[in-house]
Amino acid sequence: MSIFEFEFMRRAFIVGFILALIVPCIGTIIVLKRLSMIGDALSHASLAGVAAGLILSINPVLGAAFACILAAFGIEAIRKKIPKFSEMSIAIIMSAGIGLAGVLSGFVKNTANFNSFLFGSIVAISDFEMYFVAGISLLVLLSFIVLYRELCYTAFDELSARLSGVPVKTVNSIFTVLTAVTVSVAARTVGALIVSSMMVVPVACSMQIGKSYRQTVLYSVMFAVIFTLSGLFISYYAGLKPGGTIVLTGVLCLLLIIIIKKAAGRTVRQ
Amino acid sequence: METVIKAQDISFSYGGEPILYNIGFSVNKGDFIAVTGANGSGKSTLMKLMLGEIQLQRGNIWLFGTEIRNFKHWPKIGYVPQNGTARAGGFPATALEIVRLNLYSNCGLMRFPTKALYKNADEALKLVGMQDYSKRLIGDMSGGQQQRVMIARVLAGEPELMLLDEPTTGIDAESAQSLYMLLSKLNRERKLTIIMITHDIARAADYVNRTLCLEEGSIVELMREQILTEQYHRHKHPQRSAENNDEHI
């Protein structure tokens, strides 16, 4: 197939596939903790890191990762201070991230590079970025597998998890770092503005059909892989932006699942 | 008689407003206690203090003979939270997966449950009469069934003390009755010490051996006769009793 004749497309498929394995794993826990918007807040904060990286001439992905980690711990800290309105912490950090990114972007000389982070540039991944994404992804995936039970129990009920011996604070801190690094590497590829959709949409699809927690995790990974690969194919042949196409493929699939499920439910009732 | 919980001179206030004032009580092994009181009387605060979820401001609590500040054996305590069923409703996990979560207390970090522990989870579901629902999503169950699964989850960890925060909220009268019967059976047959917050004292009184009532910051132990008198008045003057309840709410 001609699409794989190009080095940049092969790289895009490899990076897209790797990200599709880890993003929904993190997304499942985020959705179950009712923190779906955290991806948005972190990705906007990552833009501030990208701008800072470009100004200081350090790799913008590293800048994004650093900003995301700071933002994620900021959200946790605010969440603990105002537990009754914990979702406010996401809005505060998101506003701060947008504000800082807006101010710092004024000092960035190469605005094209900065703009590529807004909607992603999966087809313009460098060798360093590909290895960086692969390394981070391996770390996230291994951590997710090792902490599978702890993350599930903490998402279900933190107090019960603590009583049964789960080191909740440590698990939450590790998960915060995992979320931050996942968002920062995903922001580079699918774009900061749509990374949270990549976290939530595959999980939303799998929750419609999953019959257990394990299935929900596995199906969300499966959906993410399908959306990413089909999104890349569609974007290549239709000449569309890959990041947006991947997310729109997912949203369309979610709508279809909901419609089919509703129709099937109606048929069963009749 | 072994003392499971001893609380002494506990005072607690939110933003300067006292909720609990110089409260003291003790719980013995094998007790089945109902804690009742009007909304805002500090029942949930007292439970959070016993669980170490909020810090003591004054007084002290001993759990299994150890001061709560130094207490490390939390897996000895099982907890069924208030609105646990509402929270569980949207969680995409089967009853068995939920119950198996609490096997953690017996195996810990980086160690996977053995076959014997998995059997514990199966038996816990059987004990609460939910073995036929083990593969069903928790969200697809009724409130009463979900609450049974929550209890099975706690039992899988083999606790010595079970704390329940309003376990019958949001479930119908028949399911509530059968839940009390289940708790009573666990208390009798497994010698499980149970402390349960409830508004439904009239029904719960038939199953518990002690009733503690929180009122205006202090705690009093209600005698069975007092509860029966209250029940009598409820039957005799349902309207007045309902009005009294409204005042409490």
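See the structure above.
Residues numbered from 1 in each chain as written. Chains lettered and ligands numbered in written order. Predicted model: local features only at pLDDT ≥ 70, side-chain atom pairs only at ≥ 80, totals over all residues. Heavy atoms only, no water.

Turning our eyes to something else, we now look at the packing of helix H2 (residues 38-56) of chain A against helix H10 (residues 195-209) of chain A. Residues and elements named next belong to chain A. Interhelical geometry of H2 versus H10 gives an angle of 160° and a closest axis separation of 7 Å. By the angle class used here, H2 and H10 are roughly antiparallel. When the axes of H2 and H10 are compared, the crossing they make is right-handed. On H10, the residues touching Gly39, Asp40 and Ser43 of H2 are Val195, Ser196 and Met199. Tallied by class, the residues present in the contact of H2 with H10 amount to two nonpolar, three polar and one charged. (Axes fitted to C-alpha atoms, helices over the stretch in contact; angles between N-to-C directions. Helix = DSSP H or I, 4+ residues; strand = E, 2+ residues; numbered from the N terminus. Parallel < 35°, antiparallel > 145°, perpendicular 65-115°, else oblique. Left-handed = near helix turned anticlockwise from the far one by under 90°. Contact = heavy atoms within 4.5 Å. Nonpolar A, V, L, I, M, F, W, Y, C, P; charged D, E, K, R; others polar.)

Residues and elements named next belong to chain A. A full pass over the atoms with the stated rule returns 11 salt bridges over all chains. Notably, a salt bridge pairs arginine 79 with glutamate 158, separated by 4.0 Å at the nearest N-O pair. Separated by 79 residues along the polypeptide, arginine 79 in helix H3 (residues 60-81) and glutamate 158 in helix H8 (residues 158-163) bring together distant segments of the chain. Note on arginine 79: relative accessible area 18%, which makes it buried. By relative accessible area, which is 32% here, glutamate 158 ends up partly exposed. Overlapping salt bridges bring together Glu7, Arg10, Arg11 and Asp127 as one network. (Salt bridge = Lys/Arg side-chain N within 4 Å of Asp/Glu carboxyl O. Buried < 20%, exposed > 50% of the residue type's maximum accessible area, 1.4 Å probe, protein only.)

Its volume calculated, the largest pocket comes out at about 2100 Å³. Lining the largest pocket are 48 residues, and of these Pro83, Asp157, Glu158 and Leu159 of chain A together with Glu53 of chain B lie nearest its centre. (1 Å grid on protein atoms, 1.4 Å probe; cavity = no way out; pocket = protein on both sides within 12 Å on 5 of 7 lines; lining within 4 Å. Points joined across faces, edges and corners; volume = space filled by probe spheres on them.)

All names here are of chain A. Along the polypeptide, arginine 11 turns up in helix H1 (residues 7-32). With relative accessibility at 15%, the residue arginine 11 sits in the buried group. At 3.0 Å, the side chain of arginine 11 and the side chain of aspartate 127 are in polar contact. Aside from chain neighbours lying at most four places away, what touches arginine 11 is Ile125, Ser126, Asp127 and Met130. (Polar contact = N/O pair within 3.5 Å; in protein donor to acceptor, adjacent residues only side chain to side chain.)

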